[in-house]
Amino acid sequence: MHRRRHRGEHGRGRPARPIDEMNSKADLNCSRGLRLAASVAALCGVLAMPATAAAGTQTFSATADARVEQAYPSSNHGRSSTLRVDGATDPGVETYLRFSVSGLTGAVQRARLRLYATSGTVVKPVAFVTSAGWTEGGITWSNRPARTVALPVSTGGVAQGTWAEFDVTPAVSSEGTFNFVLATTSKDGLNLASRESSSPRPQLVVDVAAGTLLAPTATATPTSTPTTAPTSPPSGPCAVAGVIFCDDFNGVAGSPPDPAKWEVYSGSNPSHWGVECFTNQPRNIQ
Ligand SMILES: [Ca+2]
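Per-chain numbering applies: the sequence of each chain, read as written, is numbered from 1 onward. Thresholds applied to this predicted model are a pLDDT of at least 70 for local features of residues and 80 or more for the giving and counting of side-chain atom pairs; totals over whole chains, interfaces and linings are not thresholded and use all residues.

### Let's talk about the overall build of the chain
Now for step 1: For the purposes of this entry, the term helix denotes a DSSP run of H or I that reaches at least four residues, the term strand denotes a run of E that reaches at least two, and both are numbered from the N terminus. Scanning the chain from terminus to terminus reveals 2 helices and 16 strands.
Now for step 2: As a rule, residues whose C-beta atom has 12 or fewer other C-beta atoms within 10 Å are exposed, those with 20 or more are buried, and those in between are partly exposed; C-beta atoms are placed from the backbone. Here the chain, with 286 residues, has 23% of them falling under the buried criterion.
Now for step 3: For the purpose of contact definition, each residue receives a C-beta atom placed from its backbone, and two residues are in contact when these atoms lie within 7 Å. Within the chain, counting contacts between residues at least 6 apart in sequence, those at least 24 apart form 78% of the total.

### Let's talk about the nonpolar core
Now for step 1: The nonpolar core is taken to be a set of buried Ala, Val, Leu, Ile, Met, Phe, Trp, Tyr and Cys residues joined by way of C-beta atoms within 7 Å. Of all hydrophobic cores here, the largest spans 37 residues; its most connected members are Ala127, Val168 and Phe180.
Now for step 2: Top element by residues in this core is strand S5 (residues 93-101). It accounts for 5 residues.

### Structural notes on the environment of Arg147
Now for step 1: Its location among the elements puts Arg147 in strand S8 (residues 147-150).
Now for step 2: In sequence terms Arg147 and Leu182 are 35 residues apart; their C-alpha atoms lie 9.4 Å from each other.
Now for step 3: Ignoring any residue separated from it by four or fewer positions in sequence, one finds Arg147 in contact with Phe128, Thr130 and Val181.

### Concerning the confidence of the model for the chain
Now for step 1: Per-residue pLDDT for the chain averages 76, and the proportion of residues at 70 or more is 59%.
Now for step 2: Within the model, the stretch residues 269-276 combines pLDDT values under 50 with 17 contacts to residues more than four positions away or in other chains. Residue-level confidence of the predictor, termed pLDDT, takes values from 0 up to 100.

### Some details on the sheet that holds S5
Where strands meet in a sheet, backbone hydrogen bonds hold them as pairs that are either parallel or antiparallel.
Now for step 1: Here, strands pair whenever DSSP counts at least two bridges between them. One open sheet accounts for 8 strands, arranged S8-S7-S10-S5-S3-S12-S6-S9; its pairing is antiparallel. Where the open sheet ends on each side, the last strands, each with one partner, are S8 and strand S9 (163-167). For this sheet the average axis-to-axis angle between neighbouring strands, irrespective of direction, equals 35°. Axis lines are fitted through C-alpha atoms, for helices just across the contact stretch, and the angle between N-to-C directions can take any value from 0 to 180 degrees.

### Considerations on unusual backbone geometry
Now for step 1: A positive phi angle, near 60°, is found at Ala88, a position not held by glycine.
Now for step 2: Among the structural elements, Ala88 can be located in the loop between strand S4 (82-85) and S5.

### Considering the environment of Ser119
Now for step 1: Structurally, Ser119 can be placed in the loop between strand S6 (108-116) and strand S7 (126-130).
Now for step 2: Each C-alpha atom of the pair Ser119 and Ala193 lies 9.6 Å from the other, and the pair is 74 residues apart in sequence.
Now for step 3: Setting aside anything within four residues of it in sequence, one finds Ser119 in contact with Gln160, Leu190 and Asn191.

### Thoughts on the environment of Ile139
Now for step 1: Tracing the sequence through the fold places Ile139 in the loop between S7 and S8.
Now for step 2: On a C-alpha basis, the gap between Ile139 and Arg67 in space is 8.4 Å, while along the polypeptide they are 72 residues apart.
Now for step 3: Aside from chain neighbours lying at most four places away, what touches Ile139 is Ala66, Val68, Asn76, Gly78, Tyr96, Trp134 and Arg144.

In structure tokens, the structure reads:
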């Protein structure tokens, strides 16, 4: 289309063909005369496709871990290479862990907390959900946050030199930050490698399904009441996650296109596009 030889209404000399024919040709060109600005045009229709991913397993390292000991209620052990659980007639010892999950490539199918056992026990500890109100360098037995949700319990023991695995699927349904505490009712304590250890470190292993990517789930707790009402969520054909450009042309009938999204060219030969005619007639918008 850029090599058209005829001269349009603003070209030199007389039109080689009747005006009606020229207008018809011009309209064909003008229907293409609305163009996206810069790189948006190259991306349109590509990133708008739904994002999909293959099934797989994604592993996350702990961002904080620490044991707390009833026998030393004011002591912090966050830098220790050893995590531990103990209980019953022994002084209580519990282990706190935090994981940040992001970049999931599919819907969560299963989530497992795994810790490497540096000793063994005949009674496997139990995992609970806890709050985010602790820090690795500040948590103690006295200030530790309470357990909030009990996670599935599995029987049996843990052998030294193996992974102690805990099903935390009910707590990990999407991306976010997750806090757990391990505890036991047994006096047969269990030592585990912390994230400071040279042994294998705590992991959160997430099995994801193939399919459309999930939007992140906000995990932060609001600290104040919003002062403005939330706006209505976007709707219509353009309300699709991941779309960087869309126009559903839902303006008033006969109105020009949204100037924030479109450049309207008129006249001839704009930006080396060749000798063509472009008009800004609304009828050109199809
Ligand atoms: Ca630690």
